[in-house]
Amino acid sequence: MILTSSNTLENKTVIEYKGLVTGESLIGSNIYKDLFSGVRDVVGGRTSRYEEEIQKARDISLNSMIEKAENLGANAIIGLKISYDNLGGTMGNTILVTAYGTAIKYE
Amino acid sequence: MELSNKELTKSEKRKAVLCISLGTGIGLIVYGLFLYFHIDIYGWNLGLIFAPLAAGYAETILANKIIGEDIGAISAFILFIDTVIYSFILKNPTLGWNLITFGSIIVILQAAFPTLINYILLVVVGGILSNFIKTIKDYENKIKSIYKKQQYVKWDGPDVIEDDELILVYDEEESNRKINDLDFYFITSTDMKTRKHEIVGIYQTEVILDKDRRIIKLEPEKAEQKVLSNIKEGKDECLIRLAEKIKKDGGNGILNLSMTYNLIGIGGDNIQITARGMGIYLQN
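What comes next is a walk through the structure.

## Regarding the overall build of chain B
1) Next: When its secondary structure is counted, chain B shows 8 helices and 6 strands.
2) Next: Along chain B, helices and strands appear, N-terminal first, in the series α-β-β-α-α-α-α-α-α-β-β-α-β-β.
3) Next: Put simply, chain B has 284 residues, and 31% of those count as buried.
4) Next: Pairs at least 24 residues apart make up 76% of the contacts formed inside chain B by residues separated by at least 6 positions.

Structural data, given as structure tokens:
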């Protein structure tokens with residue numbers, strides 16, 4: 001499955017537009033993660049725990065989207081968009097990760 | 001202590017005056033002792049509370065023994081007047097009008113006139129407070145509704161947030177099928193090189209979801225799943241409405257489709273899902 005944010009696939013011809021595919025995931029509040037992050041805020045350094053969580057959430061969104069594209073019979077997704085939105089939460093750490101694009105069939 | 005409605009005879013009245021005088025005398029002695037031994041808290045003499053209470057208590061005991069009934073602890077009120085005049089006007093200490101002074105006045109008045117003060121506290125003050133809170137709440141709701149009306153159109157479709165079972169019934173595949181079976185092209189890229197098309201116009205639709213406002217959630221993971229399910233349902237609804245809007249104007253697709261998720265409202269009470277893009281008509 002090819003994923004691209006561009007409109008076309010170079011050297012390939014789009015033969016069919018299969019439809020819209022989306023994937024969403026949510027990172028919620030976690031007391032241990034928040035406490036660890038709080039310590040990092042004081043002593044400095046990267047909050048790798050959060051980075052891992054965001055990567056995990058992005059993977060869930062992308063995989064969900066890819067699965068849907070495969071079910072539609074597509075072999076690529078073009079015009080891919082990924083967004084991260086803060087939805088508030090207890091400490092402002094509920095983050096929605098969304099991925100969507102157009103499933104296509106190319107040759 | 002209860003105020004009696006029974007008329008007192010002349011003799012009883014004299015006895016009542018005696019009880020009040022004795023009660024007042026005892027109250028003055030108590031106040032004198034408090035002043036003499038400087039029983040103060042932050043410069044505030046406790047005698048201001050205890051002297052009227054002692055006066056009223058002594059008077060009630062004496063009245064019950066001599067007359068056979070309460071006469072209303074009038075000495076407590078007299079002591080209150082005496083102590084306030086002495087403390088505030090004659091002696092003029094650092095005592096000022098603050099919460100403690102106000103509270104002690106209420107306590108003393110309550111001892112002297114229980115029915116009246118209780119009525120004022122519970123009915124009048126309680127009524128004023130509840131009305132005040134109601135008025136504030138009404139204004140808040142009014143401001144919220146004006147704010148929402150000005151910028152957004154509330155989704156009048158089925159409520160997707162209240163149903164706890166929603167998490168169990170939400171089906172990703174069904175959702176995908178529903179969106180892609182609309183006989184409509186949702187294209188996230190900015191053009192379709194292989195297909196000719198005519199532009200219909202710019203389109204946008206919004207769906208607003210209520211957010212769970214509870215600060216403490218007993219099952220945070222379940223609550224988050226519920227939020228996510230609501231968002232997915234809201235997104236589907238938003239896309240369906242966008243397609244219907246464009247179809248109505250003769251289009252059959254949308255280019256450069258983009259979707260955003262934002263918190264809106266006072267205190268971020270709602271989640272707004274927006275879908276927008278360029279409505280097009282794709283030629284066969």
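## Comments concerning the nonpolar core
1) Next: Counting 49 residues, the largest nonpolar core has Ile77 of chain A together with Phe186, Ile187, Leu242 and Ile254 of chain B as its most contacted members.
2) Next: Top contributing element to this core by residue count: helix H8 (residues 220-248) of chain B, with 7 residues.
3) Next: If near-sequence neighbours (up to four positions away) are discounted, Ile254 of chain B is found in contact with Phe186, Ile187, Tyr203, Leu242, Ile246, Gly277, Met278, Gly279 and Ile280 of chain B.

## A short note on the interface of chain A and chain B
1) Next: On the side of chain B, 30 residues touch chain A, which itself brings 28 residues to the contact.
2) Next: Residue assignment for the side of chain A that touches chain B shows that the elements contributing at least two residues are strand E2 (14-27), helix H2 (48-71), strand E3 (76-86) and strand E4 (95-106) of chain A.
3) Next: The leading source of residues in the side of chain A that touches chain B is E2 of chain A, at 8 residues.
4) Next: Of the residues belonging to the side of chain A that touches chain B, the class tally is 10 nonpolar, 14 polar and 4 charged.

## So, the packing of helix H1 (residues 10-36) of chain B against helix H2 (residues 47-66) of chain B
Residue and element names in this part refer to chain B.
1) Next: Between H1 and H2, the least distance of the axes is 7 Å, while the angle of their chain directions is 150°. Judged on the interaxial angle alone, H2 and H1 are roughly antiparallel. Handedness of the crossing formed by H1 with H2: right-handed.
2) Next: Looking at the contact of H1 with H2 residue by residue, the class counts come to 18 nonpolar, 5 polar and 2 charged.

## Comments concerning the sheet that holds strand E1 (residues 2-3) of chain A
All names here are of chain A.
1) Next: Read from one edge to the other, the open sheet built from 4 strands follows the order E1-E3-E4-E2, with strand pairing classed as mixed. A strand with exactly one partner marks an edge of an open sheet, and here the two such strands are E1 and E2.
2) Next: Sheet topology note: the E3/E4 ladder contains 9 bridges and is antiparallel. Bridge pairing in E4 places Ile82 opposite Ala99.

Cut-offs applied
Residues numbered from 1 in each chain as written. Chains lettered and ligands numbered in written order. Predicted model: local features only at pLDDT ≥ 70, side-chain atom pairs only at ≥ 80, totals over all residues. Helix = DSSP H or I, 4+ residues; strand = E, 2+ residues; numbered from the N terminus. Buried ≥ 20, exposed ≤ 12 C-beta atoms within 10 Å, placed from the backbone. Contact = placed C-beta atoms within 7 Å. Core = buried A, V, L, I, M, F, W, Y, C linked by C-beta atoms within 7 Å. Nonpolar A, V, L, I, M, F, W, Y, C, P; charged D, E, K, R; others polar. Axes fitted to C-alpha atoms, helices over the stretch in contact; angles between N-to-C directions. Parallel < 35°, antiparallel > 145°, perpendicular 65-115°, else oblique. Left-handed = near helix turned anticlockwise from the far one by under 90°. Pairing = 2+ DSSP bridges.

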